[in-house]
Amino acid sequence: MSLDAKTVTRIARLARIGLEPGEVNALGQEMGSIIDWVEQLNEVDVTDVPPMIGTGLAKPRLREDRVTDGNRRDDVLSNAPDREGPFYTVPKVVE
């Protein structure tokens with residue numbers, strides 16, 4: 001599929017791609033080859049292929065929603081550059 005320069009420039013602007021005037025033709029060819037490849041996928045016969053698990057068929061894995069501290073206080077505090085007891089110590093910001 002061939003895309004004209006106006007369409008390529010508009011797509012690039014919408015995608016926030018900085019595009020130099022000399023790059024329009026090359027990007028148009030790349031976009032065209034991507035569109036051609038997607039069109040090839042439409043030619044695949046999938047009439048006897050069962051659908052994959054999607055949002056309508058999958059059941060979410062649920063777990064109990066519990067709030068815990070993880071029992072890892074010492075491990076977490078070992079990452080602190082400075083601490084006082086079971087607390088992080090941070091420099092005073094507001095005077």
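Residues numbered from 1 in each chain as written. Predicted model: local features only at pLDDT ≥ 70, side-chain atom pairs only at ≥ 80, totals over all residues. Heavy atoms only, no water.

Our working definition: UniProt positions are given in the numbering used here, feature names are shortened, and annotations may be inferred rather than shown by experiment.
Going by what an unreviewed UniProt entry lists, the protein is known as Aspartyl/glutamyl-tRNA(Asn/Gln) amidotransferase subunit C and is assigned to Gluconobacter japonicus. Recorded in UniProt under Subunit (unreviewed entry), the annotation for the protein is "Heterotrimer of A, B and C subunits." Note on the protein: under the UniProt heading Sequence similarities (unreviewed entry), the record states "Belongs to the GatC family."

1. Topic: the packing of helix H1 (residues 5-14) against helix H2 (residues 24-41)
What counts is decided by this rule: To get an axis, a line is fitted to the C-alpha atoms, and for a helix only the part in contact is used. The angle between two axes follows their N-to-C directions and goes from 0 to 180 degrees. A run of H or I in DSSP counts as a helix once it spans at least four residues, and a run of E counts as a strand once it spans at least two, with each numbered from the N terminus. The scheme is simple: roughly parallel for angles under 35 degrees, roughly antiparallel for over 145, roughly perpendicular for 65 to 115, oblique for anything else. Here, residues are in contact when the closest pair of their heavy atoms is within 4.5 Å.
It is the contact of H1 with H2, at a shortest axis distance of 9 Å, that shows an interaxial angle of 85 degrees. Between H1 and H2, the interaxial angle falls into the category roughly perpendicular. Here Ala5, Val8, Thr9, Ile11 and Ala12 of H1 lie close against H2, whose contacting residues are Val24, Leu27, Gly28 and Met31.

2. Remarks on the pattern of salt bridges
Quick note on the threshold: Put simply, a salt bridge is a Lys or Arg side-chain nitrogen that is within 4 Å of an Asp or Glu carboxyl oxygen. Burial status follows relative accessibility: with a 1.4 Å probe on protein chains alone, a residue under 20% of its type maximum counts as buried, one over 50% as exposed, and anything between as partly exposed.
All told, the structure shown has one salt bridge when counted by the stated rule. Between Asp75 and Arg72 there is a salt bridge, and its shortest N-O distance comes to 2.9 Å. On the accessibility criterion, Arg72 (49% relative accessible area) is partly exposed.

3. Quick word on a positive patch on the surface
As a reminder of what qualifies: Patch building starts from residues that exceed 30% relative accessible area and form no salt bridge, then joins like charges within 9 Å and nonpolar side chains (Val, Leu, Ile, Met, Phe, Trp, Tyr) within 5 Å. For the accessible areas, the method is Shrake-Rupley and the probe is 1.4 Å, while residue cover comes only from the protein chains on display. Under this rule, positive means Lys or Arg and negative means Asp or Glu; His and the chain ends count for nothing. Charge positions come from single atoms, namely NZ of Lys, CZ of Arg, CG of Asp or CD of Glu.
A contiguous patch of positive charge on the surface is contributed by Lys6, Arg10, Arg13 and Arg16. Residue class for Arg16 comes out exposed when judged on its relative accessible area of 75%.

4. So, H2
Let me state the cut-off plainly: Multiply 1.5 Å by the residue count of a helix minus one, and that product is the helix's expected span. Here the arc refers to the set of directions running from the helix axis out to each C-beta atom.
With 18 residues, H2 extends 26 Å between its outermost C-alpha atoms, agreeing within 8% with the 26 Å of an ideal straight helix rising 1.5 Å per residue. Among all positions of H2, only Val24, Leu27, Gly28, Met31 and Gly32 are buried. The buried side chains of H2 occupy one side of the element, clustering within an arc of 140 degrees when seen end-on. Opposite its buried face, H2 presents the exposed residues Gln29, Ile34 and Trp37, each directed more than 90 degrees away. Contacts from the buried residues of H2 go to H1.

5. Thoughts on unusual backbone geometry
In this model, Arg16 sits at a positive phi of 60 degrees, which is unusual for a non-glycine residue. Assignment of secondary structure puts Arg16 in the loop between H1 and H2.

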